Amino acid sequence: MATNVGSNDDWWESVPCHFIWGLEKKVTVNFQSVKTNLDSKLKTRKDVDWADSACDLLLFRGYLEVSDFVGVQSNIRKAEHFFQEADREAMKTTDELERNAYVTIATANRLWALRKKTTGKDKEKLNDRASLLEVLEDSWKKYQDVDDSREKINAYIDTVAAFAMSRLGVFKYKEAERRYRHAMKVLEQSVKSSWYQSLGMLIGRQSKHTAGPVPQYSEIANEVEYYKKALEIDPNNQSARCDLALALGRVPDHVQEAKQIIQQVDQKYCEIFVKKARFFRGQEENDKCIEVLREGERQTSLTANFYYQFALVYKDLTRIAHQQGDYQMKRDYREKEDQYLDECLNIDPMNVGALSDRAILYSMRGKFEEAEEVYLDIMNRFASSPFDLLTAQYRYARFIVHRNARCMDETSANAFEEVIKTACFILSTMGSLGDDTANNKYVIDSKERLEQYYQTNDARQKLQDLRNRTSSVGF
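Definitions and limits used
Residues numbered from 1 in each chain as written. Predicted model: local features only at pLDDT ≥ 70, side-chain atom pairs only at ≥ 80, totals over all residues. Heavy atoms only, no water. Core = buried A, V, L, I, M, F, W, Y, C linked by side-chain atoms within 4.5 Å. Buried < 20%, exposed > 50% of the residue type's maximum accessible area, 1.4 Å probe, protein only. Contact = heavy atoms within 4.5 Å. Phe/Tyr/Trp six-rings, centres within 6.5 Å; stacked < 30°, edge-to-face > 60°. Helix = DSSP H or I, 4+ residues; strand = E, 2+ residues; numbered from the N terminus. Lys NZ or Arg CZ within 6 Å of the ring centre and 35° of its normal. Salt bridge = Lys/Arg side-chain N within 4 Å of Asp/Glu carboxyl O. Polar contact = N/O pair within 3.5 Å; in protein donor to acceptor, adjacent residues only side chain to side chain.

A. The nonpolar core, seen in detail. Judged by nonpolar contacts, the single largest core of 157 residues is most densely connected at Leu23, Leu59, Phe60, Phe69 and Phe306. Those residues in contact with Phe306 that sit more than four places away from it in its chain are Cys270, Phe273, Val274, Leu293, Gly296 and Glu297.

B. Focus on the packing of aromatic side chains. Under the counting rule described, the total for this entry stands at 21 aromatic pairs. Both rings, one in Tyr196 and one in Tyr226, keep their centres 6.0 Å apart while their planes meet at 20°; by these two values the pair is stacked. Pair noted here: Tyr196 is in helix α8 (residues 193–207) and Tyr226 is in helix α9 (residues 217–233), with a separation of 30 residues, a long-range link. Tyr226 matches Tyr196 in its accessibility class, with the two residues each being buried. Summarising the aromatic geometry, the rings of Phe306 and Tyr307 are spaced 5.5 Å apart at their centres and angled 85° between planes, so their arrangement reads as edge-to-face. Residue classification places Phe306 among the buried residues on the basis of a relative accessible area of 0%. Judged by its relative accessible area of 13%, Tyr307 falls in the buried class. Aromatic ring contacts, followed pair by pair, group Phe306, Tyr307, Phe310, Tyr314, Tyr333 and Tyr340 into a single cluster. Of note, Arg358 hangs over the ring of Tyr362, and the distance from its end group to the ring centre comes to 5.9 Å.

C. Spatial organisation of the pattern of salt bridges. Enumeration according to the criterion identifies 36 salt bridges in this entry. Salt-bridge contacts for Glu65 lead to Lys35; the nearest nitrogen and oxygen are separated by 3.2 Å. Here Lys35 lies in helix α1 (residues 31–44) and Glu65 lies in the loop between α2 (55–64) and α3 (76–90), a separation of 30 residues in the sequence. As far as burial versus exposure is concerned, Glu65 and Lys35 are alike and both buried. Among the ionic pairs, Arg469 bridges to Glu417, the shortest N-O distance being 2.9 Å. Here the residue Arg469 occupies a position in helix α21 (residues 460–472), and Glu417 occupies one in helix α19 (residues 410–430), the gap between them amounting to 52 residues. Looking at Arg469, the relative accessible area reads 24%, which means it is partly exposed. A single salt-bridge network, built from bridges that share partners, covers Lys35, Asp39, Arg61, Glu65 and Lys78.

D. Spotlight on the side chain of Asn237. Mapped onto the elements, Asn237 comes out in the loop between α9 and α10 (238–248). Among the polar contacts made by the side chain of Asn237, one reaches the main-chain amide nitrogen of Ala240 at a distance of 3.0 Å. Setting aside residues no more than four positions away along its own chain, Asn237 makes contact with Ser193, Gln197 and Leu231.

Have a look at this one:
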């Protein structure tokens, strides 16, 4: 169907795609970290026999290169690379409506990106626009008068939106969950294993905000149900099998069941090694964790998170060696931790966990200037990610106390006040301090230190103000 290239017809602006979903609003994760995580998945995809299309990932990754996220410098050429990959991936799908849903999003994204294009002749841009509009009319517009087709193509589009939203932090989880549920209701006969797995992960992330550190089975039942449904559709989805084991492993009465499930996972690629290592670390079986990682180390296409799991297990072993008074082993384990932090940060310089642990190691070695530089860098980079920011602020405040011969002063008090400020923001907007019980400990310790400091220094107004702010958000 030909399009009048000279017209002002901008009907395409309402076509659903990443640019109109408001993805850049209320994001609580670091933009660069999202890109790195997606790139890691793409890097290792050749090692994995993916049963489902990767279009949702490729389309989101392309959008990130031309998005309105703070700090993004548009790279239209790189975005086009991902959109072309998505087009090729879409051609592999056998369902016409699914295929056209992916083509629709890629084409609409291109049209929005074209508006950002500042180089090239106007005539060339006009011809590009005309070609894209013709594709969009064929993939989208012609289906809008057929109720059943329109509903199904919109459902497929919902899953692409949900994929993106599920990676942008806690404020997006409810909407991502709603879109997945709606899509699965409409596409009842075509539901994919990865959709159930993603829904399980979303349910799990949200339940961790309300469940205790040792949850009851009833608190994870829905999450478990969706992982099982993912495995019913695709028994070879070993990633979902690992997620099922990780969920059950949090409930004491189901640990043995979880161990049996994790032992059934025998595929050998990076994501699986990482999840199995997380499982055994969670069960404090450090030898098995190292055994899994050693096996994984012989594979190719390893990610930053793989090496970070290595660093974490040696961090645990360092703590145990210290408790046992074995200081030689403590030094050996710390050297290993340092080695794997290097490996992790060489791949992903924005890995917030590895950066924090690197700062801690600097501090332990008396390299206070280097430690402070890392902490300040983390707080600057992750200012838009409140949970990462809270952890970094608390560790920075503790670092100042340590540097000051373990004494509180006005500088450290101001640092702990920043922890309280971030905690109050999280509690006022979310009602919970997240899925890590450490967050509660950080805030409790910060408040207690400040109360003691203000009482000692007869700062009654500051003490009352602190108590008013924390009580107003229910802490």
